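Inside the fold
Residue strings, one per chain:
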Amino acid sequence: MTNNIIIEGRFINSDEEFFGQIEIDRKTGIILKKQNYIGNPTFIFPKDKLIFAGFGDIHIHAREDETERQMYKEEYATVNQAALNGGVIHVSCMPNTPSPLTTQAQLDWHKERCRQFPTLIFHYVGVGKQTRPLDVNVPYKVFTGPSVGDLFFKNEAEVRSALQHYKGKSVSFHVEDYDVLQANNINRTHQERRPVACVETALAYVLQIIEDYDLEAKLCHWSTGGKSIEMIKAHRARGYNTTLEVSPLNLFFDADMLAETPERWPFVQMNPTIQGREHRVQLLEGLRSGFIQYLATDHAPHTIDEKLKQFEPEKESDMTREQFYTHLRITNLEECRRRACLDSTSGTPQLDTYGPFTTWLMQAQRFTPQDIARVAAENPGNFVNQFHNGPGKFGKIEKGYYGSLTVIDPTTPMTITREMLRTKAGWSPFEGITFPGSVYATIVKGQMYRRG
Ligand SMILES: [Zn+2]
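Residues numbered from 1 in each chain as written. Predicted model: local features only at pLDDT ≥ 70, side-chain atom pairs only at ≥ 80, totals over all residues. Heavy atoms only, no water.

1. Here's the deal with the overall build of the protein chain
Condition: Each helix corresponds to a stretch of at least 4 residues labelled H or I by DSSP, and each strand to a stretch of at least 2 residues labelled E; elements are numbered beginning at the N terminus. Each radius of gyration reported is based on C-alpha atoms, and the globular scaling rule is 2.2 Å times the count of residues to the power 0.38. Whether a residue is buried, partly exposed or exposed follows from its accessible area with a 1.4 Å probe, protein chains only, as a fraction of its type maximum: under 20%, in between, or over 50%, in that order. Contacts are assigned to residue pairs that have any heavy atoms within 4.5 Å of one another. Each accessible area value is a Shrake-Rupley result obtained with a 1.4 Å probe; residue values ignore everything except the protein chains displayed when judging cover.
The number of helices and strands found in the protein chain is 16 helices and 19 strands. What you see for the protein chain is a C-alpha radius of gyration of 22 Å, in line with the 22 Å of a compact globule of 452 residues. In terms of overall dimensions, the protein chain has a C-alpha envelope of 70 × 55 × 40 Å along the principal axes. Across the 452 residues in the protein chain, those meeting the buried criterion constitute 63%. Across the protein chain, the fraction of contacts at a sequence separation of at least 24, relative to all contacts at a separation of at least 6, is 74%. With the model as given, the accessible surface of the protein chain reaches about 17,500 Å², and the carbon-plus-sulfur share is 47%.

2. Some words on the coordination of the zinc ion
For the record, the criterion: Think of the donor list as every N, O and S atom within 2.8 Å of the metal, or within 3.2 Å for Na, K and Ca; water never makes the list, so a site can look incomplete.
Taken together, the protein donors to the zinc ion comprise His 59 (NE2), His 61 (NE2) and Asp 298 (OD), at separations of 2.0 to 2.1 Å. Read in sequence order, the donor residues for the zinc ion give the motif H-x1-H-x236-D. Within this pair, whereas His 61 is found in the loop between β6 (55-60) and α1 (76-85), its partner Asp 298 is found in the loop between β14 (294-295) and α12 (304-307), the two being separated by 237 residues in sequence. Look at His 61 and you get buried, because its relative accessible area is 7%. Using a relative accessible area of 6% as the deciding quantity, one classes Asp 298 as buried.

3. Here's the deal with the pattern of salt bridges
What counts here: Salt bridges are defined by distance alone: a side-chain nitrogen of Lys or Arg within 4 Å of a carboxyl oxygen of Asp or Glu.
The full count for this structure, using the stated rule, is 27 salt bridges. The salt bridge partner of Asp 15 is Lys 396, with a shortest N-O separation of 3.6 Å. With Asp 15 in the loop between β1 (5-13) and β2 (16-24) and Lys 396 in the loop between α16 (369-385) and β15 (405-409), this pair connects stretches of sequence that are 381 residues apart. The closest approach of N and O atoms between Glu 263 and Arg 337, which form a salt bridge, is 2.7 Å. Linking Glu 263 in the loop between α9 (255-260) and α10 (265-268) with Arg 337 in helix α14 (residues 333-341), this pair joins segments that are 74 residues apart in sequence. A relative accessible area of 10% means that Glu 263 is categorised as buried. Overlapping salt bridges, with partners in common, bring together Glu 16, Lys 34 and Glu 398 in one network.

4. Examining the pairing of strand β3 (residues 31-35)
Worth spelling out the cut-off: Strands qualify as paired when DSSP identifies two bridges or more between them.
Relative to β3, β2 runs antiparallel, the two sharing four bridges. From the neighbouring strand, Glu 23 faces β3, where its bridge partner is Lys 33. With antiparallel pairing between neighbouring strands as the criterion, β2 and β3 make up a hairpin whose turn holds six residues, including Gly 29 at a positive phi of roughly 75 degrees.

5. Some details on the nonpolar core
Short version of the rule: Nonpolar cores are built from buried Ala, Val, Leu, Ile, Met, Phe, Trp, Tyr and Cys residues. Side-chain atoms within 4.5 Å join them into one set.
Counting residues in each nonpolar core, the largest one holds 105 residues, and the members touching the most others are Ile 7, Leu 163, Phe 173, Leu 219 and Leu 361. Per-element tally for this core: the top contributor is helix α6 (residues 196-213), with nine residues. Leave out the neighbours within four places in its chain, and Leu 361 touches Leu 251, Leu 284, Leu 287, Leu 295, Arg 366, Phe 367 and Ile 372.

6. Some points on unusual backbone geometry
Residue Pro 272 follows Asn 271 across a cis peptide bond; omega there is -10 degrees. Positive phi, normally seen in glycine, also occurs at Arg 63, with a value near 75 degrees. Inspection of the secondary structure puts Arg 63 in the loop between β6 and α1. Despite not being glycine, His 221 shows a phi value in the positive range, around 25 degrees.

7. Considering the sheet that holds strand β13 (residues 243-246)
The sheet built from six strands is open, its strands ordered β9-β10-β11-β12-β13-β14 with parallel pairing. The two strands at the open ends of the sheet, each matched to only one other strand, are β9 (125-126) and β14.

This is the structure:
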């Protein structure tokens, strides 16, 4: 008889699938064994449920910091809840909080705040004009153009002068060119204000910088196909393994869809922007083929009020912005659409929907369960394994890895509503959309945290 946790079901890794049992050490939460039969199971999952190594979202914005200025829209406690709800057991937070995370002291502060949660919360450290690498091994983040927050550069020379100190480090890039953004900022829609050229122009010098400083690079939330894909292929052919993330938003929505319904722009505005259908199709193909490594949401928990900032009602009205938006949509669609196309707050909350979204990839986009294991569990796990100092590893169902699991029910559809969300932001760009499956359970180090 063992005192450990035994889980039985259909386990999926990127290179195999097996039906059997795993044993998880009750004290350390680490997988000890994987075989056909070990003993009386603690949890049994039916054969039609898919058990993955716990999903990891390596690009989120958590908003909590010592200023507490943005904790009205998210904090680590609600990140933890939203993650577990979405089947995500580790997240990596971007450093552009109100007080950008750039020093060891700040990193220690954030780590301390996150220690209490079952979700493992990792942090990127920001690169600014005056920053230097820390003594510990961490991933860094560079914003080549303005997005959300003040941590950004305005041109190649500035990026270069900062990154010359980071040779050989792990650096993730937000790739958009400041000058191209400025030149287009009077255009009608978010897509036209942030054209493909904005990504391609910055990409040309970002790839050169990666090569010059030999960086372990990752390009964040990729949004374009076409020329950018050719540029990245040529760069890899020169011997660099620069990796790519893509967000569910860029895989599910495209700007062509919004040509018919421009009133939806505020709910899908993010940076870089969603582009035309041909780009979306190439992103899906890129994720399936392995050209893109990570499904990462860019979870950005702005409130609905912030997303609808162009819908400020008349002073004497007691309507909220959202009520005013709805009112205009019904009574004056043209005006609603005009305002919806104006610039608003970029970013969307997506942690709660990470797991359900993977079922759409499987059912509607021909991803195999092994593909999902690769882009949602194994690759994100390998990314954080480089920086994690704990006793176990993330990303596979294997001896020595954490017994953290995401159990997906691929055939019980789920319609996204506000009531089911745990993010403090309280809304989702996928509201009203029915995904073909759902999260059945989230297990962290052998402990059940969510059961659908
Ligand atoms: Zn981001």
